[in-house]
Each structure stands twice: as C-alpha cells, then as structure tokens.
There are 2 protein chains.
Amino acid sequence: MREIPDFPRPGIVFKDITPLLLAPDALRSAVTGLAEIAGPLEPDIVVAAEARGFILGASLALALGVGFVPARKPGKLPHEVVRAEYALEYGLDAVEVHADAFAGGTRVLLHDDLLATGGTARAVCQLAEHLGAEVVGCAFLIELRFLEGRRQLAPYPIRSLIEY
Amino acid sequence: MREIPDFPRPGIVFKDITPLLLAPDALRSAVTGLAEIAGPLEPDIVVAAEARGFILGASLALALGVGFVPARKPGKLPHEVVRAEYALEYGLDAVEVHADAFAGGTRVLLHDDLLATGGTARAVCQLAEHLGAEVVGCAFLIELRFLEGRRQLAPYPIRSLIEY
C-alpha cells in the first residue's frame, strides 16, 4: 500500500490499495486473511458497497463459500430497492440494496476495504436488518482506529486485517 | 439472472446479475467459467472498470493467479492517472487508470460483466496500450451480440460466457 497526502481533500492521507491489488501474492493474502478473520462469524452472505467494496467483497464471498450482495448508489440497482441515507461531513449520501437481497434470518457480513468513520457501513447494516437479516459482523482490510468507526458500528463485531 | 424491462431507460431490457451473485454455486461457476475462457489468453493482469466490473474482476484475477487493476471514473484514483474519453449515446464519459498500473509489455485482460456497445471496454484497452501494455483479450460474463460490441473491440480476442 502507499499513502497519498491531501487526497481527496487537504489534510487527508489516503491509503491507496492499488499496489496491493496489482501483486498476485498480496491480493491472495488479503482475501485469505479476510476469510480467516470473517469465517468464525459464520456468515451466509457478504454485502459490500460500491465501488471499492466490490473489489475484495465478491472474492471474500467466494473464499467463504457464500453469496454476494452489492449495495449501490441510488438509481443503480434495477429491481425493487430499500434505501438508507447517512450523514457525510457536509450533507447526506444514500445507499440502496435490492429488497429481495436478504431472506429473513440470513447471517450477513459487511465488507469494505477501509473503515474510516463507518457511516456507509452502518447504513448498509441497517438496511440488512430492516429486511430481516442478522448482521453477524463487519470485516475490513484496513481500519483507521483514530476515526473511531467502531463506535458507529457498535455492537456489531468488527474484524480488520490492518490497523492504523 | 433476471431481465428488467425499461431499465435504465424505456426500451432497454436490463440483465440483472444480482440473483447469480446471491447463489454461491452460480457465483463460483461464473468465476470458474470466466477463468476457463480467459486462461488460454495468458494474461499477466486483469483490468476492470467500476463499478460492476469490480465484482467479478478481482475474483477472476485471483482464479488466474494474476493481479488486478481498477479503472475508475475521473477523480477517484489518488495517484497520477491517464484518462480516456469515450462517446455515449448522448455526450461523453471518461475513465482513468493509474499511470503506473501497467509495466511495459504486460499482458492485459479486460473484464466486464456485460459487453453492450463496448465503449468503456475499448477506452480501458486503449489506456493500457497507451501505457505500453499488450491487450491479449476481453472476457465478459454476458455479451449482447445484437449491439455489436465486438466490432468496437476488434481486433482484440473476445470471450464471453453467456450470449444473447
């Protein structure tokens, strides 16, 4: 990984995972590592938000032998959806999943490459619960501990492979 | 898969792959099938455009034992980028990759879930070539033959798992 200062805004140090994705061994280790920390939560399904969450999310689902649910920006999913709005630093954003994505009682694992403030992850978990699923935990490649995203996601179990 | 009439616009029948992603066996078959048709092209890397291309793209890279390069909408990649614009039905769109994503001579496979008119795929292939890589082919889950995307992508070898 490499750090990019002042992206996307001044003062933010962006964790760029593209060098990790480029290296076959690192890519494999990332997915294997995520499967090891997420497996004991015994999910039936992995859900991840676009776009970066999709990169490792489907691979993680395959490694765990479960299905994958994409959570998307409004207007992108073609069938009936449910939507959650969540606060950004300035304004609101929203995320949608298909209303038939989760059968009642499905054990859902939320994945994203990075846990920052946890707003998107929390919104997606709430959508899963709204549809009758059980959120068994969240698995991140990277967690930025100082942003305290864990607090937003309490009481879900949080697993992360790399912490800063 | 299911078909959604009149999405995203009237007259378009959208191929919704979310039921396939949800079923672990179908998800595994899709990735295995893509790896079987793409493997003989002997790529060193898989490149895919956001957002839907990411879902199976990284899994395909893992199955082939190669790395993954994300192609993104403008402004999303944090390091130095190269950009290609391409025509939509109305207006222009653009896609970017990191300028250091491909070493010279890298054998690149383009993946997307769907080949329609081929505009995005062609733009990404051109970026890879601009950076000195060799595009060894394109592998799609679904190809809509009647839209003639193959013509846009000539002379790259095209492989698709499901044709309509």
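Fair warning: this is a prediction, and the values are worked out from it, not measured in the lab. (Residues numbered from 1 in each chain as written. Chains lettered and ligands numbered in written order. Predicted model: local features only at pLDDT ≥ 70, side-chain atom pairs only at ≥ 80, totals over all residues. Heavy atoms only, no water.)

(A) Highlighting the overall build of chain A. Scanning chain A from N- to C-terminus turns up five helices and nine strands. In sequence order, the secondary structure elements of chain A are arranged as β-β-α-α-β-α-β-β-β-β-α-β-α-β. Relative to the compact-globule value of 15 Å for 164 residues, chain A shows a C-alpha radius of gyration of 15 Å, a close match. With the C-alpha coordinates aligned to their principal axes, the bounding extent of chain A is approximately 40 × 35 × 30 Å. (Helix = DSSP H or I, 4+ residues; strand = E, 2+ residues; numbered from the N terminus. Rg over C-alpha atoms; globule rule 2.2 N^0.38 Å.)

(B) Up close: the layout of surface pockets. For the second largest pocket, the calculated volume is near 260 Å³. As for the second largest pocket, its lining consists of 13 residues, of which R28(A), S59(A), L62(A), A63(A) and L62(B) are closest to the centre. When residues of the lining of the second largest pocket are traced back to their parent elements, those giving at least two are α2 (24-38) and α3 (52-64) of chain A together with α2 (24-38) and α3 (52-64) of chain B. Per-element accounting of the lining of the second largest pocket gives the leading share, four residues, to α2(B). (1 Å grid on protein atoms, 1.4 Å probe; cavity = no way out; pocket = protein on both sides within 12 Å on 5 of 7 lines; lining within 4 Å. Points joined across faces, edges and corners; volume = space filled by probe spheres on them.)

(C) Highlighting the sheet that holds strand β3 (residues 45-49) of chain B. All names here are of chain B. The strand order across the open sheet formed by five strands is β4-β3-β7-β8-β9, and the pairing between neighbours is parallel. Strands at the two margins of the open sheet, each flanked by one partner only, are β4 (67-71) and β9 (158-163). Here the strands of the sheet are splayed against their neighbours by 20° on average, with no regard to which way each runs. Of the strand pairs in this sheet, β3 and strand β7 (residues 107-115) are connected by four bridges, and their pairing is parallel. Bridging across to β7, A48 finds its partner in H111. Contacts from helix α4 (residues 119-130) reach β3, β4, β7 and β8 (134-143) within the one sheet, and its direction differs from that of β8 by about 160°. (Pairing = 2+ DSSP bridges. Axes fitted to C-alpha atoms, helices over the stretch in contact; angles between N-to-C directions. Contact = heavy atoms within 4.5 Å.)

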